[in-house]
Amino acid sequence: MPSPPFPSPDSAVLRVVVEKAIQALRSGEASAEEAILDAAVHGWYEGHIQGEDACPGCTFRGKLPKNEPRD
């Protein structure tokens, strides 16, 4: 894939996702495993949205539209 399925490292959304996981862990609202899983799922989802914004109509972050052969 041309881009990873997660937000760019400098993304404000990624900072929110990570901070939410840290707060949940510190408050006892979530175990370490739950906090990591929550951050991973939300990070992937936000990256997916970022990818769709970067390439509307693509099934991946790249320049080829859907149904085009990928060499």
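Residues numbered from 1 in each chain as written. Predicted model: local features only at pLDDT ≥ 70, side-chain atom pairs only at ≥ 80, totals over all residues. Heavy atoms only, no water.

J.: Could you give an account of the overall build of the protein, with specific residues and numbers?
T.: The helix and strand tally for the protein stands at 2 helices and 0 strands. Taking all 71 residues of the protein together, the buried fraction comes to 21%. For the protein, contacts bridging at least 24 residues in sequence account for 47% of all contacts bridging at least 6. Split by element, the accessible area of the protein, about 5,400 Å² in all, is 60% carbon and sulfur. (Helix = DSSP H or I, 4+ residues; strand = E, 2+ residues; numbered from the N terminus. Buried < 20%, exposed > 50% of the residue type's maximum accessible area, 1.4 Å probe, protein only. Contact = heavy atoms within 4.5 Å. Areas by Shrake-Rupley, 256 points an atom, 1.4 Å probe, with all protein chains shown as cover.)

J.: Go over the pattern of salt bridges with me, naming the residues and quoting the values.
T.: Tallied over the entire structure, the rule returns 1 salt bridge. Between Asp38 and Lys20 there is a salt bridge, with its nearest N and O atoms 3.5 Å apart. With Asp38 in helix α2 (residues 32-54) and Lys20 in helix α1 (residues 12-27), this pair connects stretches of sequence that are 18 residues apart. (Salt bridge = Lys/Arg side-chain N within 4 Å of Asp/Glu carboxyl O.)

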